[in-house]
There are 2 protein chains.
Amino acid sequence: MSPTRNARVLFNSVPTGFPEPGKTTVYDDTKTIDIEKANLSGGFIVKTLVLSVDPYLRGRMRSPEVKSYVPAFVIGEPLVSHGVGVVVRSENPAVKKGDHVYGFLSHEEYSIRKNLEKLEIIKNEHNLPWSVYVGVAGMAGQTAYVGWTKYSKAKKGETAFVTTGGGPVGSLVIQLAKLDGLKVIASAGSDEKVKFMKSIGADVAFNYKTTSTEEVLKKNGPIDVYWDNVGGETLDHALVAANVGARFIECGMISGYNEGGRPIHNLEFVFSKSLSMNGFIVMNLFPKFHNEFYATIPAKVASGEIKYTEEVTSGLDKVGEVILSVQKGLNKAKAVIKVAND
Amino acid sequence: MSPTRNARVLFNSVPTGFPEPGKTTVYDDTKTIDIEKANLSGGFIVKTLVLSVDPYLRGRMRSPEVKSYVPAFVIGEPLVSHGVGVVVRSENPAVKKGDHVYGFLSHEEYSIRKNLEKLEIIKNEHNLPWSVYVGVAGMAGQTAYVGWTKYSKAKKGETAFVTTGGGPVGSLVIQLAKLDGLKVIASAGSDEKVKFMKSIGADVAFNYKTTSTEEVLKKNGPIDVYWDNVGGETLDHALVAANVGARFIECGMISGYNEGGRPIHNLEFVFSKSLSMNGFIVMNLFPKFHNEFYATIPAKVASGEIKYTEEVTSGLDKVGEVILSVQKGLNKAKAVIKVAND
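Remember, it's a predicted structure, so these values are computed and weren't measured experimentally.

Participant: How should the overall build of chain A be read in this particular structure?
Facilitator: Regarding its fold elements, chain A presents 9 helices and 17 strands. In terms of C-alpha radius of gyration, chain A reaches 21 Å, essentially the compact-globule figure of 20 Å for 342 residues. Structurally, chain A occupies a C-alpha span of about 65 × 45 × 35 Å along its principal axes. Per-residue burial over chain A gives 58% buried out of 342 residues. Nonlocal contacts in chain A, meaning residues at least 24 apart in sequence, comprise 68% of its contacts between residues at least 6 apart. Once the 40 positive and 36 negative side-chain charges of chain A are each reduced to a mean point, those two points are 2 Å apart.

Set out below in structure tokens:
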């Protein structure tokens with residue numbers, strides 16, 4: 001068999017503000033791979049099917065000297081994100097041709113892996129689309145599940161405020177909160193997302209770009225749980241609207257990723273209202289929740305009890321634009337790149 | 001017996017910045033009380049011995065419309081703070097003449113109480129000075145004990161950073177951290193307090209007015225537990241110096257009480273370093289810890305295992321000045337007003 005194209009997306013330069021497609025990242029289709037003959041040294045070849053584009057990727061686009069919870073991308077090397085692929089050839093007895101693997105994949109059409117480090121084989125017993133495994137049943141869903149289960153201390157009848165409720169993390173948080181019997185206030189950045197949030201059960205859903213967060217919380221609060229994906233002013237409003245003893249789950253602060261952290265003015269409520277604030281990195285906590293998560297969430301997705309949306313873009317060459325769109329909050333739902341058919 | 005003077009300190013006006021003695025509070029010695037004949041309606045008379053002056057009192061000097069975790073002081077009425085008094089006459093069978101009571105006392109030489117609401121009888125089995133019961137064995141010590149016990153999750157060999165380490169709360173936190181086997185970095189606002197912090201076991205003690213907090217933390221961190229009594233810039237430095245998984249105990253933010261809250265710039269570390277932040281109000285949590293606290297702390301104080309300092313000022317007429325001095329951090333140790341001899 002003749003060599004096959006092995007296109008990839010390379011990290012090209014550290015952005016100062018928003019990442020720029022073609023400058024921050026470049027698409028390169030000059031490489032090839034010979035699937036039959038490539039030297040695997042006991043490893044296997046993964047054909048990439050879907051890749052996840054997540055807000056946190058911005059944090060990896062930095063100089064390697066800057067420490068953080070995930071390593072910086074390497075200039076000249078492919079990006080890495082969660083994805084699902086299918087094994088097309090294997091010399092590793094633990095992995096068979098035809099197995100599907102989920103985990104960190106490099107942004108290449110094909111990649112050679114030695115073993116299952118940072119990967120796991122998924123069975124997909126409910127025959128869900130592979131994109132689900134990078135969305136509601138992937139890291140995004142895991143983030144919602146772990147954060148909510150570990151930190152919300154939710155009690156029936158309480159009120160939760162969920163930011164980025166139209167996204168893959170927030171939309172599962174809304175549904176978990178409703179399953180726990182809470183009233184849910186949810187915000188997102190478009191009317192379409194507002195409609196979606198209502199359809200999955202949010203009691204109060206609003207577009208923060210056209211409606212005042214402060215007013216909504218004044219009218220519908222106080223809040224007992226705050227799911228923070230945005231930080232900044234919204235966090236300040238949530239601090240004002242918090243009930244005594246409220247739990248703040250700090251999942252992310254996208255408002256500061258591209259334009260610098262916005263200062264927080266109302267943090268004194270943390271002690272005066274006896275709040276708890278917990279930050280977490282899903283990759284560190286998930287192992288403990290792994291089995292219960294995969295035993296429940298895919299089944300609920302298959303049955304329709306848990307709903308999700310996604311925005312699938314075809315082609316590895318679109319990665320740069322989709323990353324930018326996610327950073328600007330312009331994507332309509334969980335952003336997925338479809339790289340190839342199964 | 002002829003009437004006795006019953007001087008008091010009244011809340012006179014809401015301050016805009018620092019409280020002003022004579023304006024925010026006024027001393028009034030025009031009232032008298034007839035200890036033998038005063039109508040008790042089944043209650044008792046407490047002669048005030050010592051009163052505590054605490055940083056949080058600033059929060060009570062506000063308009064009553066502003067909600068908070070403690071009620072606002074009432075214009076024209078005496079201040080209220082923790083204190084110890086002795087019962088000089090009683091019609092209440094639960095309280096005998098000669099009993100000592102601890103709890104919220106109004107700033108009067110004598111006050112008539114109906115029952116033990118917000119008071120408890122203290123036995124003082126170790127014969128400690130009464131001032132100890134408004135300091136290391138009072139609310140300040142309770143604050144340190146409850147916050148540390150419930151939220152520090154301290155592990156031997158970790159590093160703690162304690163602010164206001166020369167004060168009654170911080171100095172007990174330092175000693176509890178040392179008993180748990182931690183390395184302790186401690187800050188305070190005078191060289192005298194630095195000396196005291198070293199004498200009670202702080203491994204690194206510094207005067208934040210003359211030494212850079214940022215540099216000290218860079219050199220001696222990272223930190224696993226942060227005891228916050230100050231907020232503001234110090235909190236921002238602690239966020240930078242925090243280890244992954246560090247616990248921030250939010251006890252107070254005196255840097256913002258008089259000049260408005262200072263914005264926090266580094267809060268994104270809460271999620272990127274998986275920090276926990278817990279605010280608490282000691283009065284709400286203490287009941288659960290009451291018995292273990294009184295069973296251990298006074299004994300350790302009596303044996304010298306736990307040390308304390310205090311700055312005792314005589315005379316109810318000095319309350320206004322002592323309040324201001326505490327707000328400005330000019331007091332050298334736990335501020336106590338001695339009102340009368342036992």
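Having seen the structure, we can now continue with the description.
Participant: Please explain the interface of chain A and chain B as it appears in this structure.
Facilitator: Accessible area lost when the parts come together is the quantity often used to give the size of an interface. Taken together, the contacts link 25 residues of chain A with 25 residues of chain B. Taken together, the two surfaces of chain A and chain B that pack against each other cover about 2000 Å², and 66% of this comes from carbon and sulfur. It is Leu267(A), Phe271(A) and Met277(A) in chain A that bury the most area against chain B; as a group they hold 30% of the surface buried on that side. The tally of links from chain A across to chain B stands at 0 salt bridges. Of all elements in the fold, only α7 (269–272) and β15 (276–279) of chain A reach the threshold of two or more residues within the side of chain A that touches chain B. Per element, the largest residue contribution to the side of chain A that touches chain B is 4 residues, and it comes from β15(A). Split by residue class, the side of chain A that touches chain B holds 14 nonpolar, 8 polar and 3 charged. Strand direction decides the pairing type here: β15(A) and strand β15 (residues 276–279) of chain B, joined by 3 bridges, are antiparallel. Residue pairing for β15(B): Asn278(A) is matched across the bridge by Ser276(B).

Participant: Quick question: what am I supposed to make of the relation of the copies chain A and chain B here?
Facilitator: Both copies of the chain are related by a screw-like operation: a rotation about an axis and a shift along it. Superposing chain A onto chain B takes a rotation of 180° plus a shift of 0.1 Å along the axis, which leaves an RMSD of 0.1 Å. Taken together, the turn and the small shift mark the pair as related by a two-fold rotation axis.

Participant: Looking at this structure, I do not really get the packing of aromatic side chains. What am I missing?
Facilitator: Given two aromatic rings, one states the distance between the centres and the angle between the planes to describe the pair. Counting across every chain of the model gives 24 aromatic pairs over all chains. Taking the centre distance of 6.5 Å and the plane angle of 80° together, the rings of Tyr145(A) and Phe289(A) count as edge-to-face. Here Phe289(A) lies in helix α8 (residues 282–303) and Tyr145(A) lies in helix α2 (residues 139–151), a separation of 144 residues in the sequence. Taken together, a centroid distance of 5.9 Å and an interplanar angle of 40° make the contact between Tyr151(B) and Phe280(B) tilted.

Participant: Just to check I follow, could you spell out a positive patch on the surface for this structure?
Facilitator: A cluster of like positive charges, contributed by Lys150(A), Lys153(A), Lys288(A), Lys150(B), Lys153(B) and Lys288(B), occupies part of the molecular surface. Among the structural elements, Lys150(B) can be located in helix α2 (residues 139–151).

Participant: Even after reading the chapter, I still don't get the sheet that holds strand β14 (residues 242–250) of chain A, so can you show me in this structure?
Facilitator: Pairing within the open sheet is mixed, and its 12 strands lie in the order β12(A)-β11(A)-β10(A)-β13(A)-β14(A)-β15(A)-β15(B)-β14(B)-β13(B)-β10(B)-β11(B)-β12(B). Every interior strand has two partners, whereas the edge strands, β12 (204–207) of chain A together with β12 (204–207) of chain B, have only one. Between one strand axis and the next, the sheet turns by 10° as a mean value, whatever way the strands run. Bridge count between strand β13 (residues 223–228) of chain A and β14(A): 5 bridges; the pairing is parallel. Across the sheet, residue Tyr226(A) finds its bridge partner in β14(A), namely Phe248(A).

Participant: Is there a simple way to explain the packing of α2(B) against helix α8 (residues 282–303) of chain B in this structure?
Facilitator: Between two packed helices, both the angle of their axes relative to each other and the distance between the axes serve to describe the pair. Residues and elements named next belong to chain B. Relative to each other, α2 and α8 sit at 100°, their axes nearing to 9 Å. For the element pair α2 / α8, the angle class is roughly perpendicular. Here Met 139, Gly 141, Gln 142, Thr 143, Tyr 145, Val 146, Thr 149, Lys 150 and Tyr 151 of α2 come into contact with α8, specifically with Val 282, Met 283, Leu 285, Phe 286, Phe 289, Glu 292, Phe 293, Tyr 294, Thr 296 and Ile 297. In terms of residue class, the contact of α2 with α8 is made up of 12 nonpolar, 5 polar and 2 charged.

Participant: Mind showing me how you'd approach the packing of helix α5 (residues 213–220) of chain A against helix α6 (residues 232–241) of chain A here?
Facilitator: All names here are of chain A. It is at 10 Å that the axes of α5 and α6 come closest, and there the two elements cross at 20°. Overall, the two elements α5 and α6 adopt an arrangement that is roughly parallel. The handedness of the crossing between α5 and α6 comes out as right-handed. Residues Thr 213, Glu 214 and Leu 217 of α5 lie in contact with α6, whose contacting residues are Thr 234, His 237, Ala 238 and Ala 241. Its residues assigned to classes, the contact of α5 with α6 comprises 3 nonpolar, 3 polar and 1 charged.

Participant: Just to check I follow, could you spell out the nonpolar core for this structure?
Facilitator: Here is a general trend for soluble globular proteins: nonpolar side chains tend to be buried in one another's company. Within the largest apolar cluster, 79 residues are counted, with the highest numbers of intra-cluster contacts made by Trp148(A), Trp227(A) and Phe280(A). The dominant element in this core, judged by the number of residues it contributes, is α8(A), at 8 residues.

Participant: When you look at the side chain of Lys47(A) in this model, what are you seeing that I'm missing?
Facilitator: Residues and elements named next belong to chain A. Topologically, Lys 47 is positioned in strand β5 (residues 44–52). As a buried residue without a salt bridge, Lys 47 has its nearest oppositely charged side chain in Asp 342, at a separation of 6.5 Å. Within the structure, the side chain of Lys 47 is placed 3.1 Å from the backbone oxygen of Asn 341, a separation counted as a polar contact. The residues contacting Lys 47, other than those within four sequence positions of it, are Gly 85, Val 86, Val 88, Glu 109, Tyr 110, Ala 340, Asn 341 and Asp 342.

Participant: Looking at this structure, I do not really get the pattern of salt bridges. What am I missing?
Facilitator: Think of it this way: side chains of opposite charge can pair up when their charged atoms draw near. All names here are of chain A. One pass over the full model with this rule turns up 22 salt bridges over all chains. Between Arg 8 and Asp 28 there is a salt bridge, with its nearest N and O atoms 2.9 Å apart. Taken as a pair, Arg 8 in strand β2 (residues 8–11) and Asp 28 in strand β3 (residues 25–28) lie far apart in primary sequence, 20 residues in all. A single network of salt bridges, built from pairs that share partners, joins Lys 155, Glu 158 and Arg 247.

Participant: What should I look at first to understand the pairing of strand β10 (residues 159–162) of chain B in this one?
Facilitator: Residues in a regular strand point their side chains to alternate faces of the sheet. Residues and elements named next belong to chain B. Side chains Thr 159 and Phe 161 of β10 all project onto a buried face; the interleaved residues Ala 160 and Val 162 project onto the opposite face, where all are buried too. Sheet topology places β10 next to strand β11 (residues 183–188); 4 bridges connect them, and they run parallel. Across the sheet, residue Ala 160 finds its bridge partner in β11, namely Val 184.

Participant: Explanation requested: unusual backbone geometry in the structure shown.
Facilitator: Where the residue is not glycine, phi is negative for most of them; where a peptide bond is considered, it is trans in most cases. A cis geometry characterises the amide bond from Gly221(A) onward to Pro222(A), with omega recorded as -5°. By the secondary structure assignment, Pro222(A) is in the loop between α5 and β13. Phi at Ser41(B) is positive, roughly 45°, even though this residue is not glycine. Assignment of secondary structure puts Ser41(B) in the loop between β4 (32–33) and β5 (44–52).

Participant: What is the right way to look at the environment of Pro64(B) in this model?
Facilitator: All names here are of chain B. Here Pro 64 lies in the loop between α1 (57–60) and β6 (80–90). The exposed category is assigned to Pro 64, whose relative accessible area is 67%. When the C-alpha positions of Pro 64 and Val 14 are compared, they lie 9.9 Å apart, and in sequence the two are 50 residues distant.

Participant: Sorry, what's going on with the confidence of the model for chain A here?
Facilitator: Keep in mind that low pLDDT regions are not for reading the predicted coordinates in detail. Taken residue by residue, chain A gives an average pLDDT of 94. The fraction at 70 or more is 97%. The ipTM, which scores confidence in the relative placement of chains, is 0.80 for this predicted complex, and the corresponding pTM is 0.83.

What counts and how
Positions within a chain are numbered from 1, following the residues in the order the chain's sequence is written. All chains are assigned letters beginning at A, and all ligands numbers beginning at 1, according to the order in which they are written. Given that the model is predicted, a residue must reach a pLDDT of at least 70 before its local features are reported, and side-chain atom pairs must reach 80 or more before they are shown or counted; all residues, however, enter totals for whole chains, interfaces and linings. For the side-chain quantities, the full set of heavy atoms in the structure was used; hydrogens and water were omitted. Runs of E in the DSSP output that reach at least two residues are strands. Runs of H or I that reach at least four are helices, and both are numbered from the N terminus. What the globule rule says is 2.2 Å times the number of residues to the power 0.38, and the radius of gyration is computed from C-alpha atoms. Each residue gets one of three labels from its accessible area relative to the maximum for its type: buried under 20%, exposed over 50%, partly exposed in between, using a 1.4 Å probe on protein chains only. Contacts are assigned to residue pairs with any non-hydrogen atoms lying within 4.5 Å of each other. Under this rule, positive means Lys or Arg and negative means Asp or Glu; His and the chain ends count for nothing. To locate a charge, the coordinates of NZ of Lys, CZ of Arg, CG of Asp or CD of Glu are taken. We define buried area as the total accessible area lost by two parts upon association, computed with a 1.4 Å probe and summed across both. Every case where a carboxyl oxygen of Asp or Glu lies within 4 Å of a side-chain nitrogen of Lys or Arg is listed as a salt bridge. In this classification, the charged set is Asp, Glu, Lys and Arg, the nonpolar set is Ala, Val, Leu, Ile, Met, Phe, Trp, Tyr, Cys and Pro, and all remaining amino acids, among them Gly, are polar. Pairing between strands requires that DSSP locate at least two bridges from one strand to the other. All copies are superposed by least squares; the fitting set is the C-alpha atoms of residues with a pLDDT of at least 70 in both. Aromatic rings from Phe, Tyr and Trp, with only the six-membered ring used for Trp, were paired whenever their centres fell within 6.5 Å, and each pair was classed as stacked if the ring planes differed by under 30 degrees, edge-to-face if by over 60, and tilted otherwise. Put simply, a patch holds well-exposed residues, over 30% relative accessible area, that have no salt bridge, with like charges counted together within 9 Å and Val, Leu, Ile, Met, Phe, Trp or Tyr side chains within 5 Å. Where accessible areas are quoted, they stem from the Shrake-Rupley method and a 1.4 Å probe; at the residue level, only the protein chains shown are allowed to cover. Only the stretch in contact is used when fitting a helix axis, every axis being a line fitted to C-alpha atoms; angles between N-to-C directions are given from 0 to 180 degrees. Small angles under 35 degrees read as roughly parallel and large ones over 145 as roughly antiparallel, with 65 to 115 read as roughly perpendicular and the rest as oblique. Should the near helix be turned counterclockwise from the far one by less than a right angle, the crossing is left-handed, whereas a clockwise turn marks it as right-handed. Nonpolar core, defined: a set of buried Ala, Val, Leu, Ile, Met, Phe, Trp, Tyr and Cys residues in which side-chain atoms within 4.5 Å join the residues together. Side-chain atoms alone can form a polar contact between residues adjacent in sequence; in general such a contact is a pair of N or O atoms within 3.5 Å, and within protein one must be able to donate a hydrogen while the other accepts it. Known as pLDDT, the predictor's per-residue confidence is scaled from 0 to 100.

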